[in-house]
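Tertiary structure, described
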Amino acid sequence: AAKFTVQAATSATAITAIAPTTLLATRTSGLKLTFAGAAGAGDRALLVASASSCVGQSPTVDVSSGTGYFTVASAGTYKLCFRQGGGSDSIEQTGVTVTAAATTSAETFSTLTPASVSASTATSITFFPNPATGDKAEFVTSGTACPGAPATDISSGSATFTLGSTGTWELCLSTTAGGVVKQTSP
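Residues numbered from 1 in each chain as written. Predicted model: local features only at pLDDT ≥ 70, side-chain atom pairs only at ≥ 80, totals over all residues. Heavy atoms only, no water.

Read across the sheet, four strands follow the order β12-β11-β14-β15 without closing on themselves; strand pairing throughout is antiparallel. Two strands in the sheet have a free side with no partner beyond their single neighbour: β12 (152-153) and β15 (180-182). When strand β11 (residues 136-141) meets strand β14 (residues 169-174), the two strands line up antiparallel, connected through six bridges. Across the sheet, glutamate 138 pairs through a bridge with cysteine 172, a residue of β14. (Pairing = 2+ DSSP bridges. Helix = DSSP H or I, 4+ residues; strand = E, 2+ residues; numbered from the N terminus.)

The following block contains the structure:
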């Protein structure tokens, strides 16, 4: 006899929060989003425009580790559709939204590698998710204003920087979306 398992519907409060809550629209590779809540084996998620319904959607991003990589096509507010592992539904998560900015976001990159460098030593730094064509960056000492136009092209995904002194440095980013923004993440 053919058998299959029927499980409870996905809860609308399975995911209670997501971070960061702002990303840059039209990035070519996804931004890593971290979930608070019950993520488990086989869990999937999807971001849809706030005016859209999660019903009938097929979440495809694996979030079983509590994180997932997402990309959106245009600026706006997006809600999270979630499916627990083994399920077939797609349920909007109550109060969990992400805003996609049309201009440079302060949370464009989730990872810089390496995480620390030696003073006055030219070091290749890799940005993730991958920068887009036209992205430029500069590092400034903590508390210093960003330059009007960062000059170092990072569109290949990495660039060499020489940071002249010890201490905390901050990343300033310029994208074709406009503006120069000091990054708050990572």
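Moving on to the nonpolar core. Counting residues in each nonpolar core, the largest one holds 20 residues, and the members touching the most others are Phe35, Leu47 and Phe70. Not counting the four nearest positions on each side in its chain, leucine 47 is found in contact with Leu23, Leu33, Phe70, Val72, Tyr78, Lys79, Leu80 and Val98. Formed by twelve residues, the second largest nonpolar core is a distinct cluster that contains Phe139, Ala159, Phe161 and Leu173. (Core = buried A, V, L, I, M, F, W, Y, C linked by side-chain atoms within 4.5 Å. Buried < 20%, exposed > 50% of the residue type's maximum accessible area, 1.4 Å probe, protein only. Contact = heavy atoms within 4.5 Å.)

Scanning the model with the defined rule gives four aromatic pairs in all. Members of the aromatic cluster, connected to one another through ring pairs, are Phe127, Phe139 and Phe161. (Phe/Tyr/Trp six-rings, centres within 6.5 Å; stacked < 30°, edge-to-face > 60°.)

A separate point is the confidence of the model for the protein. Confidence in the prediction of the protein, expressed as mean pLDDT, is 87, and 91% of residues score 70 or more. Highest mean pLDDT in the protein belongs to strand β13 (residues 158-161) (96); lowest belongs to strand β2 (residues 22-24) (72). (pLDDT = per-residue confidence, 0-100.)

Looking now at the state of the cysteines. Applying the stated rule across the entire model yields two disulfides. With a sulfur-sulfur separation of 2.0 Å, cysteine 54 is cross-linked through a disulfide to cysteine 81. Torsion about the S-S bond of the cysteine 54 and cysteine 81 cystine: about -85°, corresponding to left-handed handedness. You can see cysteine 54 sitting in the loop between β4 (44-49) and β5 (61-62) and its partner cysteine 81 sitting in strand β7 (residues 76-83), a full 27 residues away along the chain. Both residues of the pair, cysteine 54 and cysteine 81, count as buried. Disulfide partner of cysteine 146: cysteine 172, at an S-S distance of 2.0 Å. (Disulfide = S-S within 2.5 Å.)

Looking now at the sheet that holds strand β10 (residues 123-128). Pairing between sheet strands relies on hydrogen bonds along the backbone, with the strands arranged either parallel or antiparallel. Ordered in space as β9-β10-β13, the three strands form an open sheet in which the pairing is antiparallel. Looking at strand neighbours, the two that pair on one side only are β9 (111-113) and β13, the edges of this open sheet. Strand after strand, the sheet turns through a mean of 30° between neighbouring axes, direction not considered. Two elements, β10 and β13, share four bridges in a ladder whose sense is antiparallel. Each residue of the ladder has a partner; that of threonine 123, found in β13, is phenylalanine 161. (Axes fitted to C-alpha atoms, helices over the stretch in contact; angles between N-to-C directions.)

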